[in-house]
Amino acid sequence: MPTSFLHRRCGLCAVLSLALLAACSGKPREKQVPGGDAKVGKELVTQYQCGACHKIPDVRGADGKVGPQLDGFGKLSYIANGIPNQPDKLVAWLLDPPAMKPGTPMPAMGLTEQEARHMAAYLYTLRSKPK
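The text that follows walks through the structure, step by step, so that each part is easy to find.

Here is what the cut-offs are and how they apply
Residues numbered from 1 in each chain as written. Predicted model: local features only at pLDDT ≥ 70, side-chain atom pairs only at ≥ 80, totals over all residues. Heavy atoms only, no water. Salt bridge = Lys/Arg side-chain N within 4 Å of Asp/Glu carboxyl O. Helix = DSSP H or I, 4+ residues; strand = E, 2+ residues; numbered from the N terminus. Buried < 20%, exposed > 50% of the residue type's maximum accessible area, 1.4 Å probe, protein only. Contact = heavy atoms within 4.5 Å. Axes fitted to C-alpha atoms, helices over the stretch in contact; angles between N-to-C directions. Parallel < 35°, antiparallel > 145°, perpendicular 65-115°, else oblique. Nonpolar A, V, L, I, M, F, W, Y, C, P; charged D, E, K, R; others polar.

1. A look at the pattern of salt bridges
Right, on to step 1. Here the structure, examined in full by the defined rule, presents one salt bridge.
Right, on to step 2. A salt bridge links Glu113 to Arg117; its shortest N-O distance comes to 3.0 Å. Placement of the pair is Glu113 and Arg117 together in helix 5 (residues 113-123), with a separation of four residues, close to one helical turn.
Right, on to step 3. For Arg117, a relative accessible area of 22% puts it in the partly exposed group.

This is how it looks when you write it as structure tokens:
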């Protein structure tokens, strides 16, 4: 093999290795919701009284016991025990839970798509269980 080919190949390997190392910062990245604002989402979670059914950390009065606790939601692999926890699916879930999982006790709350995006962005910030 020509030397220049090997140099290019080694250079490419070095660049790829650095890119992989940069991506592996040791801490998982939050999922991103296009058009979602987590701060607005937290306000909406309060406004729509999600805490009547769910326990939600750092949301005043959110100590519901009917639905699952939402602390650590951002790390979950699945929504409602079977729907992949991906931004587009979470937005769809928030808009109409019964359409995504017939028989779920979680009702459609009449959210707009934009409200659902904000709330999804907020839910992805919930990454740890309380101590």
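Now that the structure is up, let's keep going.
2. Quick notes on the side chain of His54
Right, on to step 1. In this fold, His54 is placed in the loop between helix 2 (38-47) and strand 1 (78-79).
Right, on to step 2. Here His54 falls in the buried class, since its relative accessible area comes to 12%.
Right, on to step 3. Not counting the four nearest positions on each side in its chain, His54 is found in contact with Ala62, Asp63, Gly64, Gly67, Pro68, Leu70 and Met106.

3. Quick word on the packing of helix 2 against helix 5
Right, on to step 1. With their axes 7 Å apart at the nearest point, helix 2 and helix 5 run at an angle of 100° to one another. Considered as vectors, helix 2 and helix 5 are oriented roughly perpendicular to each other. On helix 5, the residues touching Ala38, Val40, Gly41, Lys42, Leu44 and Val45 of helix 2 are Glu115, His118, Met119, Ala121 and Tyr122.
Right, on to step 2. Of the residues that constitute the contact of helix 2 with helix 5, the class distribution is seven nonpolar, two polar and two charged.

4. Points about unusual backbone geometry
Right, on to step 1. Located in the positive-phi region is Gln49, a residue other than glycine, with phi close to 55°.
Right, on to step 2. Tracing the backbone shows Gln49 in the loop between helix 2 and strand 1.
Right, on to step 3. Among the residues examined, Gln49 registers a relative accessible area of 58% and is labelled exposed.
Right, on to step 4. The phi torsion at Ala80 lies on the positive side, around 55°, for a residue other than glycine.

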